[in-house]
There are 2 protein chains.
Amino acid sequence: MRRQILDAAWEIARSEGLDGVGMRKLAAAVGMRAPSLYEYFPGKDAIYDAMFAEGNEQLGAAHRALPAPAEVGARRALINSTQAFVEFCSADDARFQLMFQRSVPGWRPSDEAYALAVENLERLDSFLAQCGIEDADSRDIWTAIVTGLASQQVTNDLGGQRWIRLIEQTVDMFLGARGPA
Amino acid sequence: MRRQILDAAWEIARSEGLDGVGMRKLAAAVGMRAPSLYEYFPGKDAIYDAMFAEGNEQLGAAHRALPAPAEVGARRALINSTQAFVEFCSADDARFQLMFQRSVPGWRPSDEAYALAVENLERLDSFLAQCGIEDADSRDIWTAIVTGLASQQVTNDLGGQRWIRLIEQTVDMFLGARGPA
DNA sequence: GTCTATAGCTGGATAGAC
DNA sequence: GTCTATCCAGCTATAGAC
């Protein structure tokens, strides 16, 4: 039942925006009345929280599914992970906004949910290290580039390929500046 | 009086978030009651709209104040404009969110206000062209990089220098990939 | 121009019957 | 577990007195 409620919440968020998720509307979407939702979640914030956690689990799973840098080489690994990330963001703008922008007034993820986000950041760090990117400045430049590609793709060409298809070129630009291959 | 109201609105937005700007609170901040605000603005959306327009005017002014690429060369021009932009974003996160993120549920800029944003984008295009960046792919990569730097700076180190100080290095990376100087 | 008063709505959450 | 009924708080906006 929690599953059904969360699915409905995602659907409303995708079609009407994150702020469109209200207790009455959400309950109606699963054939209930608002008060019944409190049997499954302590409140509305807990629903956003579960969504935030779920998004981070999905991102973690997508990242774990990538081949290791040792297998495919740093260049290919960076391309793969960037494509996976930008496509992940672009596949669901409501999820992107919930996870990476502060677009739900008055809501902040709980500590437990946020821990999943930190876990993903740590996984990324270790992935970058395996790609030979270990100094802090390079990591910061890298994260700026990747989040920039993702936000442009989501904001200006949702569901398209406009920035996704520039990823290889961008990775080569980044690697080229770190010394010739 | 419109000026005073807008100043108060910015102040509330900065301290409590954009959604903290309400008619009662805003009126109280200028020593009025809510209904009196309707003498100066037709409604709340018009206030967001005026703020959006004002932000874009400020950005335009900041950009116009930059030395021309012909004077300082492409590299310096790109560094200057990126620093100016990231600092502009980082100086006021409420303004950043209003202008570049969709963080006011239910509000969209009016056509007139949006025209100012388009004007700024066109100015940027012409600036980039003067820097020798004319193909669409390079422009897209460039905007991704710049917005990425800005969003990382605003989100993770507001008011600091963590990404601002990486701008020179990033511009060199970008230019390096376009053929040796 | 500014006010009081209030309409009219929407939202999350709770009490208590069944 | 689900419901009806309702509370309570918030909001924008308007009517009409002064």
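Criteria and cut-off values
Residues numbered from 1 in each chain as written. Chains lettered and ligands numbered in written order. Predicted model: local features only at pLDDT ≥ 70, side-chain atom pairs only at ≥ 80, totals over all residues. Heavy atoms only, no water. Near = heavy atom within 4 Å. Polar contact = N/O pair within 3.5 Å; in protein donor to acceptor, adjacent residues only side chain to side chain. Helix = DSSP H or I, 4+ residues; strand = E, 2+ residues; numbered from the N terminus. Nonpolar A, V, L, I, M, F, W, Y, C, P; charged D, E, K, R; others polar. Least-squares fit on C-alpha atoms with pLDDT ≥ 70 in both. Contact = heavy atoms within 4.5 Å. Buried area = accessible area lost by both parts, 1.4 Å probe. Salt bridge = Lys/Arg side-chain N within 4 Å of Asp/Glu carboxyl O. Domains from an automatic or database assignment.

Caption draft 1: Looking closely at the protein's contact with DNA strand D. Around DNA strand D there are 15 residues in total, and Arg33, Ser36 and Tyr40 of chain A together with Arg24 and Lys44 of chain B lie nearest to it. Between a base oxygen of DNA strand D and a side-chain N or O atom of Arg24 of chain B, the distance comes to 3.1 Å. Contact distances for DNA strand D include 2.8 Å between a phosphate oxygen and a backbone N or O atom of Lys44 of chain B. Elements with a contribution of two residues or more to the surface near DNA strand D: helix H3 (34–37) of chain A together with helix H2 (23–29) of chain B. Taken together, the residues of the surface near DNA strand D sort by class into seven nonpolar, four polar and four charged.

Caption draft 2: Up close: the relation of the copies chain B and chain A. Superposing chain B onto chain A takes a rotation of 180° plus a shift of 0.0 Å along the axis, which leaves an RMSD of 0.1 Å. Here the transformation between the copies is reduced to the relation of a two-fold axis. Taking C-alpha positions as the reference, the residue of chain B nearest the rotation axis is Gly148 of chain B, at 1.8 Å. A high fraction, 100%, of the interface residues of chain B reappear at the interface in chain A, so the copies pair face to face through one surface.

Caption draft 3: Looking closely at the interface of chain B and chain A. Taken residue by residue, the interface counts 29 residues in chain B and 29 residues in chain A. In total, about 2,500 Å² of surface goes out of reach between chain B and chain A, with carbon and sulfur atoms giving 54% of it. In this structure, Arg165 of chain B and Asp137 of chain A form a salt bridge, with 2.7 Å as the shortest nitrogen-oxygen distance. When contributions to the side of chain B that touches chain A are tallied by element, the ones reaching two or more residues are helix H6 (93–100), helix H8 (136–156) and helix H9 (167–176) of chain B. Looking at which element gives the most residues to the side of chain B that touches chain A, the answer is H8 of chain B, with 13 residues. Its residues placed into classes, the side of chain B that touches chain A shows eleven nonpolar, eleven polar and seven charged.

Caption draft 4: Region of interest: the environment of Glu54 of chain B. By the element assignment, Glu54 of chain B lies in helix H3 (residues 44–64). Contact partners of Glu54 of chain B, with chain neighbours within four places excluded, come to Arg3, Leu6 and Trp10 of chain B.

Caption draft 5: Molecular detail of the protein's contact with DNA strand C. Lining the immediate surroundings of DNA strand C are 15 residues, of which Arg24 and Lys44 of chain A together with Arg33, Ser36 and Tyr40 of chain B lie closest. The sugar-phosphate share of atoms of DNA strand C within 4 Å of the protein amounts to 54%. Here a phosphate oxygen of DNA strand C sits 2.9 Å away from a polar atom, N or O, in the side chain of Lys44 of chain A. One nitrogen or oxygen atom from the side chain of Tyr40 of chain B is found 2.5 Å from a phosphate oxygen belonging to DNA strand C. In terms of residue class, the surface near DNA strand C is made up of seven nonpolar, four polar and four charged.

Caption draft 6: The arrangement of the domain arrangement of chain A in detail. All names here are of chain A. Split into domains, chain A comes out as domain 1 (1–41) and domain 2 (43–178). On a C-alpha basis, the centroid separation for the pair domain 1 and domain 2 is 27 Å. Interface area for domain 1 against domain 2, summed over the two sides, is near 1,400 Å², with a carbon-plus-sulfur share of 73%. Among the residues of domain 1 in contact with domain 2, Trp10, Leu18 and Phe41 are the three that bury the most area, contributing 50% of the side total. Summed over the shared surface of domain 1 and domain 2, the number is two salt bridges. Notably, a salt bridge pairs Glu54 with Arg3, separated by 2.8 Å at the nearest N-O pair. Across the domain 1-domain 2 interface, the total number found is five residue pairs in polar contact (both at pLDDT 80 or more). Among the elements that line the side of domain 1 that touches domain 2, the one with the most residues is helix H1 (residues 2–16), at seven residues. When its residues are assigned to classes, the side of domain 1 that touches domain 2 shows ten nonpolar, no polar and four charged.

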